[in-house]
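Chain by chain, the residues run as shown.
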Amino acid sequence: MSKVEEFEALRPLLFSIAYRILGSVSEAEDAVQETWLRYDGSTTRPTSTKAFLSAAVTRISIDVLRSARVRREEYVGPWFPEPLLSDPYQDPARSVELADSVSMAALLLLERLSPLERAVFLLREVFAFGFDEVAEAVGRSEAACRQLLVRARRHMETGRPRFAADSQERRELATRFFDALKNGDVGGLRNLLAADVQLVGDGGGKAPQLAKAVVGAENVARVLGAAFPWLFRIDVTCEPHEVNGQPGAVFRDRDGRVLNTMVLEVLDGRIQTVRGVINPDKLGHLGPVADAWAVDREAKRVRRQTN
């Protein structure tokens, strides 16, 4: 195989590693591209192309994450990962680990870890790399990596999400949720929500967003039931779609531009968390982005005229 063919065969794996470390589609794509440049510029062929490229993309991603942490500390409102509609890397032997690790809940939990802990945890627990490969990737000894993994596991286990519902049950619940959302059916929404459900949005100060998280089935149902029917009145559409491996949807304006994404976290037959990403900087990889402020103004104007 040529260098290009070898690299392209491993691109899905490299992106999946980078995305889980960074929580950003655009930054992960940049990390993969930088990995290619380093590989293409190398004058020697590595013994294992997979090990070489995985190590390169991991180190690049760790460096990017360290600088990104400063920006995230200054972020306006809650910070969520960029929504991922499909994971390009598939491994039947690791399907459960891969699915769990890409959920927004898991990615937010990974934010508790240091960049090194995060990389070691992902390479070992999610992608099943040997400790020798992990050590090479992060530039630490195997003994140090084992210590990093112990600390990472401790942090992750304290709040690790467990999505026990099977995929069919989650899809059916999501279908009922989005039908109730379109109809402004507050009672129908309330019946699908856990008692302590949370509604949280990420606008980054660049789009309309909630001032703070809304908590409780009654409050969340009323907020959603009051706002979304007016969006549908002005031809906003809702496309059901898996988002980060969980049931969700992509919302678009009347011209088909991406307005926001929504993902539902389900446990014990109820929706535990509703997360929305409306920050336009995090939606560009999904297509042309809507002007959320303009959509919000139009929905409010129609509501005033109707009332």
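Summary of the structure given here. Every chain is numbered independently, its residues counted from 1 as its sequence is written. Note on the predicted model: pLDDT of at least 70 is required for a residue's local features to be given, and 80 or more for side-chain atom pairs to be given and counted; whole-chain, interface and lining totals, by contrast, use all residues. In computing side-chain values, all of the structure's heavy atoms are included and hydrogens and water are not.

Glancing now at the pattern of salt bridges. Side chains carrying opposite charge are able to pair once their charged atoms draw close together. Every case where a carboxyl oxygen of Asp or Glu lies within 4 Å of a side-chain nitrogen of Lys or Arg is listed as a salt bridge. All chains considered together, the criterion is met by 23 salt bridges. As a salt-bridge pair, Glu111 and Arg72 come within 2.7 Å of each other at their nearest N and O atoms. A residue pair is termed long-range when its members are at least 10 positions apart, and Glu111 in the loop between helix 5 (104-110) and helix 6 (115-126) and Arg72 in helix 3 (residues 49-73) qualify at 39 residues. With respect to class, Glu111 is no different from Arg72; both count as buried. In this structure, Arg151 engages Glu117 in a salt bridge whose closest nitrogen and oxygen atoms are separated by 3.1 Å. Every helix listed is a DSSP run of H or I at least four residues long, and every strand listed is a run of E at least two residues long, numbered separately from the N terminus. Summary of the burial criterion: residues with accessible area below 20% of their type's maximum are buried, those above 50% are exposed, and those between are partly exposed, where the area comes from a 1.4 Å probe applied to protein chains only.

Next up on the list: helix 6. Residues spaced three or four apart along an α-helix point in a common direction, a consequence of the helix completing one turn every 3.6 residues. To estimate how far a helix should extend, the number of its residues minus one is multiplied by 1.5 Å. The end-to-end C-alpha distance of helix 6 is 16 Å, a good match for the 16 Å that 12 residues give at a rise of 1.5 Å each. Every buried residue of helix 6 is accounted for by Pro115, Leu116, Glu117, Arg118, Ala119, Val120, Phe121, Leu122, Leu123 and Val126. Note on helix 6: the residue one or two positions beyond its end, Ala128, has a positive phi of about 60°.

Of note, Asp235 is a non-glycine position whose phi angle comes to about 70°, a positive value. Of note, Asp235 is situated in the loop between helix 11 (217-233) and strand 3 (237-243). The partly exposed category is assigned to Asp235, whose relative accessible area is 43%. Of note, the phi angle at Asp268 is positive, near 55°, even though the residue is not glycine. With respect to the secondary-structure elements, Asp268 resides in the loop between strand 5 (258-267) and strand 6 (270-277).

This next bit is on helix 2 (residues 25-41). Relative to the 24 Å expected for 17 residues at 1.5 Å per residue, helix 2 spans 24 Å between its end C-alpha atoms, a close match to the ideal helical length. On its buried side, helix 2 packs onto helix 1 (3-22) and helix 3. Throughout, a contact is declared for two residues whenever any of their heavy atoms are within 4.5 Å.

Two rings belonging to Phe, Tyr or Trp (six-membered ring only in the last case) form a pair when the distance between their centres is within 6.5 Å. Interplanar angles under 30 degrees mark stacking, angles over 60 mark edge-to-face geometry, and anything in between is tilted. Here the structure, examined in full by the defined rule, presents 10 aromatic pairs. Both rings, one in Tyr39 and one in Phe52, keep their centres 5.8 Å apart while their planes meet at 45°; by these two values the pair is tilted. Of this pair, Tyr39 sits in helix 2 while Phe52 sits in helix 3, and the two are 13 residues apart along the sequence. The exposure class assigned to Tyr39 is buried, which follows from its relative accessible area of 0%. Here Phe52 falls in the partly exposed class, since its relative accessible area comes to 29%. These aromatic residues form a ring-pair network of at least three members: Phe177, Phe178, Phe228, Phe232 and Phe251. Over the ring of Phe129 we find Lys50, and its NZ or CZ is 5.3 Å from the ring centre. Think of it as a cone above the ring: NZ of Lys or CZ of Arg counts as a charge over the ring if it is within 6 Å of the ring centre and within 35 degrees of the ring normal. The ring of Phe131 has Arg146 sitting right over it, with the charged end atom 4.0 Å from the ring centre.

We now examine the sheet that holds strand 3. Spatial ordering of the open sheet is given by 2-1-6-5-4-3, a layout of 6 strands whose pairing is mixed. Looking at the sheet topology across the chains shown, the edges are occupied by strand 2 (214-215) and strand 3. DSSP-based pairing: two strands are paired if at least 2 bridges between them are found. Direction of pairing for strand 1 (residues 193-202) relative to strand 6: parallel, over a ladder of 6 bridges. When the sheet's bridge partners are listed, Gln198 is paired in strand 6 with Thr273.

Here we take up the packing of helix 6 against helix 7 (residues 131-138). Every angle, taken between N-to-C directions, lies between 0 and 180 degrees, and every axis is a line fitted to C-alpha atoms, over only the stretch in contact when it is a helix. Where helix 6 meets helix 7, the axes come as close as 10 Å, and the angle between the chain directions of the two elements is 150°. Crossing hand, helix 6 versus helix 7: right-handed. Seen from helix 6, the contacting residues are Leu116, Ala119, Val120, Leu123 and Arg124; seen from helix 7, they are Phe131, Val134, Ala137 and Val138. Note on residue classes: Ala, Val, Leu, Ile, Met, Phe, Trp, Tyr, Cys and Pro are nonpolar, Asp, Glu, Lys and Arg are charged, and everything else, Gly too, is polar. Classifying every residue of the contact of helix 6 with helix 7 gives 8 nonpolar, no polar and 1 charged. Crossing chirality is assigned from the near helix's rotation relative to the far helix, an anticlockwise turn below a right angle marking it left-handed and a clockwise turn marking it right-handed.

None of this, on its own, says anything about what the molecule does.
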